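Letter by letter, the chains look like this.
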Amino acid sequence: MPYLTEEILKGFDNYKYSARDTSPLSIYIMHPFWNFLVEFFPKWVAPNLMTFAGFLLTALNFIVLSYYDWDFYAQTHDEPRIPQWVWLMAAINIFLAYTLDGIDGKQARRINLSGPLGEFFDHALDSYTASLIPVCLYSVFGRGANFSAEPMRFYFVILNVTINFHISHWEKYNTGVLYLPWGYDLGMWGSTLMYLATYILGPNIWKYHFTASGLTCGHFLEFVLHISALSNIPMVFYNLYRSYADKTGKMRTFVECVRPLIPLSLFLFIILMWLNFSPTDIINNHTRAVYLLTGTVLSNISCRLIVAQMSNTNCETINWITPYLAGAFCVSLVIPRLEKILLYSMLIFSTLSHWHYGKHVVHQLCEHFNRICFGVTKRTEKE
């Protein structure tokens, strides 16, 4: 059964991209740099290939750090257990991923290939990296109360970042305009510089207290990530209000306006209940698995919202993975010894389901628009 109905595909035919970027860093520094850089790319390089390459670089950071620091304990020891070259690799990868994300759209316009396929592909992968990037940063400080945050506290940082991504597309779902948050550019530059500093000076540079009250670098990062994500929320509601007041948005009913928040809220309720009442304390004993499961399901929820807002159709009310998650939670309460198995089963199940969804949605869009995902020619021309 295809994920995209005929109604959704027809909605994609009428879609027009509309975005506003007001970040001074982006406007005056990054865009001129990207405009200069994109001219060096051959026109046979597909924009979606650049997008996917950037995603793989971010995923590589996550994979390597997972290998050396699965439980986020590596930096809490006196002798660092993550090789120094990993931090240099992480800095290069995150900057290259940021750069490729900035020039893929410019490459598409340069070779007349911009369209709904590329935008969905870009934003769908961004929804995944929204959780991978802060998880990687957690390894810089490690877990613990001395110089960093405990896993549950940092879990709310990850939720804050990923929810903010969803809220930005909820804003576009109602206003028709994607207002790009300032925190993204600052976050990517901050991550790059943090990895570089860790590589040059060593991880111990983050192990000190700012004040006698105990404020540390890890606490400061936690605070900055929260503020950078939350700072976008007031503007979201202001832009939403102006779209209704000026009648420039989609003018949806209240029920349709808030519908995309329902699957998000249901998932958050279930996962937080599970973490709070977990018989085996999965947030502390299987931290990375919880982080990755949360990021994967939230990415799927956001992807379905992106499809709805691009096709101008109604967003779904319940994400189909959520009932399975609720079932796993209930069984773990009754049979605690199965909780670890249920957690990792849900992680594998949600990951494969999300990959299946993304693959087939892109395939349907390629067929509909007569495109090759990683090519610059039409499907019929290649045949």
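Since we're looking at a predicted model, the values are computed, not measured.

Q: It is not clear to me how the overall build of the chain should be interpreted in this structure. Could you clarify?
A: The number of helices and strands found in the chain is 16 helices and two strands. What you see for the chain is a C-alpha radius of gyration of 21 Å, in line with the 21 Å of a compact globule of 383 residues. For the chain, restricting intrachain contacts to residue pairs at least 6 apart in sequence, the fraction spanning at least 24 positions comes to 81%. Entry remark: accessible area of the chain is about 17800 Å², with carbon and sulfur atoms responsible for 67%. In the chain, 26 positive and 26 negative side-chain charges are present, and the distance between their average locations comes to 4 Å.

Q: Quick question: what am I supposed to make of the side chain of Thr322 here?
A: In this fold, Thr322 is placed in helix 14 (residues 321–334). Contacts of Thr322, omitting those with residues within four sequence positions, involve Leu266, Phe267 and Ile270.

Q: How should empty space enclosed by the protein be read in this particular structure?
A: A water-sized probe rolled over the atoms picks out the places where empty space is left. Under the definition given, this model contains one cavity of 30 Å³ or more. In terms of lining, the largest cavity is formed by Thr58, Asn61, Ile94, Leu132, Ile133, Cys136 and Tyr195. Every element with two or more residues in the lining of the largest cavity is listed here: helix 3 (47–68) and helix 5 (116–141). Residues that form the lining of the largest cavity fall into these classes: five nonpolar, two polar and no charged.

Q: What is the right way to read the packing of aromatic side chains from this model?
A: Think of a pair of aromatic rings as described by two things: how far the centres are apart, and how the planes are tilted against each other in angle. Tallied over the entire structure, the rule returns 26 aromatic pairs. Each ring, one from Phe52 and one from Phe121, has its centre 6.3 Å from the other, and the planes form 50°; the classification is tilted. Remark: Phe121 occurs in helix 5 and Phe52 occurs in helix 3; sequence separation between them is 69 residues. With a relative accessible area of 28%, Phe52 lands in the partly exposed category. Aromatic pair Tyr68 and Trp85: ring centres 6.2 Å apart, planes at 80°, arrangement edge-to-face. Taken together, the residues Tyr68 in helix 3 and Trp85 in helix 4 (residues 84–110) connect sequence positions 17 residues apart. Its relative accessible area of 29% is what places Tyr68 among the partly exposed residues.

Q: What should I look at first to understand the packing of helix 6 (residues 151–175) against helix 8 (residues 217–230) in this one?
A: Working note: a packed helix pair is described by the angle between its axes plus the distance between those axes. Between helix 6 and helix 8, the shortest axis-to-axis distance is 9 Å and the interhelical angle comes to 25°. Judged by the angle between their axes, helix 6 and helix 8 are roughly parallel. As for the relative orientation of helix 6 and helix 8, their crossing is left-handed in sense. Here helix 6 contributes Arg153, Phe154, Phe156, Val157, Asn160, Val161 and Asn164 to the contact with helix 8, which in turn contributes His219, Glu222, Leu225, His226, Ala229 and Leu230. In terms of residue class, the contact of helix 6 with helix 8 is built from seven nonpolar, four polar and two charged.

Q: Could you clarify how one ought to interpret helix 7 (residues 182–201) in this entry?
A: Structurally, the α-helix is built with 3.6 residues per turn, so residues lying three or four positions apart point the same way. An ideal rise of 1.5 Å per residue puts 28 Å on 20 residues; helix 7 measures up with 28 Å between its terminal C-alpha atoms. Inspection of helix 7 places Asp185, Met188, Ser191, Thr192, Met194, Tyr195 and Thr198 among the buried residues, and these make up the whole buried set. At its buried positions, helix 7 is contacted by helix 2 (24–38), helix 4, helix 5 and helix 8. Looking at the residues trailing helix 7, positive phi occurs at Gly202, about 90°.

Q: When you look at a nonpolar patch on the surface in this model, what are you seeing that I'm missing?
A: Together, Leu193, Leu196, Tyr199, Ile200 and Leu201 line one region of the surface with nonpolar side chains, adding up to about 490 Å² of accessible area. Along the chain, Ile200 falls in helix 7.

Q: I'm lost on the nonpolar core in this one. Help?
A: Grouped burial of nonpolar side chains is what soluble globular proteins tend to show. Within the largest apolar cluster, 91 residues are counted, with the highest numbers of intra-cluster contacts made by Phe120, Tyr195 and Tyr291. Here the element with the most residues in this core is helix 5; it accounts for 15 residues. Phe120 has contacts with Cys303, Ile306, Val307, Met310, Val361, Val362 and Leu365, leaving out every residue within four places of it along the chain. Membership of the second largest hydrophobic core comes to nine residues, among which are Tyr173, Leu240, Ala308 and Cys315.

Q: Honestly, unusual backbone geometry in this entry has me stumped. Any pointers?
A: One non-glycine residue with positive phi stands out, namely Lys247, at about 55°. Positioned with a positive phi, Asn370 is a non-glycine residue whose angle comes to about 60°. Judged by its relative accessible area of 23%, Asn370 is partly exposed.

Q: Looking at this structure, how should I read the side chain of Asn174?
A: With respect to the element layout, Asn174 can be found in helix 6. Here Asn174 falls in the buried class, since its relative accessible area comes to 1%. A distance of 3.1 Å separates the side chain of Asn174 from the backbone oxygen of Trp170, its partner in a polar contact. Other than its neighbours up to four places away in sequence, Asn174 contacts Leu240, Ser243, Tyr244, Gly249, Lys250, Met251, Arg252 and Cys257.

Q: Got a minute to help me understand the pattern of salt bridges in this structure?
A: Side chains that carry opposite charge are capable of pairing whenever their charged atoms lie near each other. Tallying each qualifying case throughout the model produces five salt bridges. The closest approach of N and O atoms between Glu39 and Arg110, which form a salt bridge, is 3.7 Å. One end of the pair, Glu39, is in the loop between helix 2 and helix 3; the other, Arg110, is in helix 4, and 71 residues separate them in sequence. The exposure class assigned to Glu39 is exposed, which follows from its relative accessible area of 51%. The residue Arg304 makes a salt bridge to Glu316 at a minimum N-O spacing of 3.6 Å. Taken together, the positions of Arg304 in helix 13 (residues 287–311) and Glu316 in the loop between helix 13 and helix 14 put the pair 12 residues apart, joining distant regions of the chain.

Conventions and cut-offs
- Chains are numbered independently. Their residues run from 1 in the order of the written sequence.
- Given that the model is predicted, a residue must reach a pLDDT of at least 70 before its local features are reported, and side-chain atom pairs must reach 80 or more before they are shown or counted; all residues, however, enter totals for whole chains, interfaces and linings.
- Working from all heavy atoms in the structure, the side-chain values ignore hydrogens and water.
- Every helix listed is a DSSP run of H or I at least four residues long, and every strand listed is a run of E at least two residues long, numbered separately from the N terminus.
- Put simply, the radius of gyration uses C-alpha atoms, and a globule should come to 2.2 Å times the residue count raised to 0.38.
- Note on contacts: a residue pair is in contact if any heavy atoms of the two residues lie within 4.5 Å.
- Using a 1.4 Å probe, the Shrake-Rupley method yields the accessible areas, and only the shown protein chains count as cover for residues.
- The positive count covers Lys and Arg only, the negative count covers Asp and Glu only, and His and the chain ends enter neither.
- We put the charge of a Lys on NZ, of an Arg on CZ, of an Asp on CG and of a Glu on CD.
- Put plainly, a pocket is an open set of points on a 1 Å grid over the protein atoms alone with protein on both sides within 12 Å along at least five of seven lines, a cavity is a set where a 1.4 Å probe fits but cannot get out, and a lining residue has an atom within 4 Å of a point.
- Grid points are joined across faces, edges and corners, and a volume is the space filled by probe spheres set on the points.
- Here the term charged refers only to Asp, Glu, Lys and Arg, the term nonpolar to Ala, Val, Leu, Ile, Met, Phe, Trp, Tyr, Cys and Pro, and the term polar to all other amino acids, Gly among them.
- Each Phe, Tyr or Trp ring, with Trp reduced to its six-membered ring, pairs with another whose centre is within 6.5 Å; inter-plane angles below 30 degrees give stacked pairs, above 60 give edge-to-face pairs, and intermediate values give tilted ones.
- Categorising residues by exposure relies on relative accessible area from a 1.4 Å probe, with only protein chains included: less than 20% of the type maximum marks a residue as buried, more than 50% marks it as exposed, and the intermediate range marks it as partly exposed.
- Only C-alpha atoms enter the line fits that serve as axes; for helices the fit covers just the stretch in contact. Angles between N-to-C directions range over 0 to 180 degrees.
- Here is the rule for angles: anything less than 35 degrees is roughly parallel, anything more than 145 is roughly antiparallel, 65 through 115 is roughly perpendicular, and the remaining ranges are oblique.
- For a crossing to be left-handed, the near helix must be turned anticlockwise from the far one by less than a right angle; the clockwise case is right-handed.
- What a helix is expected to span follows from its residue count: subtract one and scale by 1.5 Å.
- Within the patch definition used here, like charges are joined within 9 Å and nonpolar side chains (Val, Leu, Ile, Met, Phe, Trp, Tyr) within 5 Å, considering only residues with over 30% relative accessible area and no salt bridge.
- Salt bridges, as used here, are contacts in which a Lys or Arg side-chain nitrogen is within 4 Å of a carboxyl oxygen on Asp or Glu.
- Buried Ala, Val, Leu, Ile, Met, Phe, Trp, Tyr and Cys residues that are joined via side-chain atoms within 4.5 Å together make up what is termed a nonpolar core.
- What qualifies as a polar contact is a pair of N or O atoms within 3.5 Å, subject to a donor-acceptor requirement within protein and to the restriction that residues adjacent in sequence count only when both atoms come from side chains.

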